[in-house]
Amino acid sequence: MKKAKIGILTLSDRASAGIYEDISGKAILETLEEYLISPWESVYRVIGDNQEEIIQQLKELADIEKCDLIVTTGGTGPALRDVTPEATEAVCTKMLPGFGELMRQTSLQYVPTAILSRQTAGIYNQTLIINLPGKPKSIRECLDAVFPAVPYCLDLIGAAYLQTNEEIIKAFRPKS
């Protein structure tokens, strides 16, 4: 079984400048460590909210690092510097709007401002890219909602096989 490679990309001007610690990227890493029992490794990066740099990093993580899955955090709100969805859409050949729809629906159970969030997901070559919000609590809520579909999506695009710890999260794969 091929070891999966997962890119974790934090988009934050302040975290990339060292003004504060990146707790969002670490929250993704901790969540994936709980979810996955198949072999995988992470490629972790923190950069500023710059659309061209985000595009470059997404392509590098997919093309050079050969990540099967890239999970971003930050830059999905309505603020001027929030450009993660635009960068993701610029890179992806297929968009998967259901991811964003489900994440917003899930977040709306906790905060009315979830309607301001613009998370999305898409496919670039054999890589699934998912944009998550920036707060650790929201990251977990959104991943809990969408992750059951992630392993099957990776199967469909020819990426690495992910096996989950079913006591934590159950991946859905249709019976063939």
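Refer to the preceding data block for the structure.
Fair warning: this is a prediction, and the values are worked out from it, not measured in the lab. (Residues numbered from 1 in each chain as written. Predicted model: local features only at pLDDT ≥ 70, side-chain atom pairs only at ≥ 80, totals over all residues. Heavy atoms only, no water.)

A. Examining the pairing of strand β5 (residues 121-124) more closely. Where burial is concerned, the two faces of β5 agree: the one with Ala121 and Ile123 and the one with Gly122 and Tyr124 are both buried. Taken together, the 2 bridges between strand β4 (residues 94-95) and β5 define a ladder with antiparallel strand orientation. Following the sheet pairing, Met95 is matched in β5 by Gly122. In this sheet, strand β6 (residues 127-132) lies alongside β5 in antiparallel orientation, the contact comprising 4 bridges. Residue Tyr124 lies in a different strand from β6, and its bridge partner there is Thr127. Connecting β5 to the antiparallel partner β6 that follows it, the hairpin turn spans 2 residues, and Asn125 within it adopts a positive phi of roughly 55 degrees. (Buried < 20%, exposed > 50% of the residue type's maximum accessible area, 1.4 Å probe, protein only. Helix = DSSP H or I, 4+ residues; strand = E, 2+ residues; numbered from the N terminus. Pairing = 2+ DSSP bridges.)

B. Fine view of the state of the cysteines. If you walk through the whole model with that rule in mind, you get 0 disulfides. With no disulfide of its own, Cys67 lies 13 Å from the sulfur of Cys92, the closest cysteine sulfur. On the basis of relative accessible area, Cys67 is assigned to the buried category, the value being 2%. (Disulfide = S-S within 2.5 Å.)

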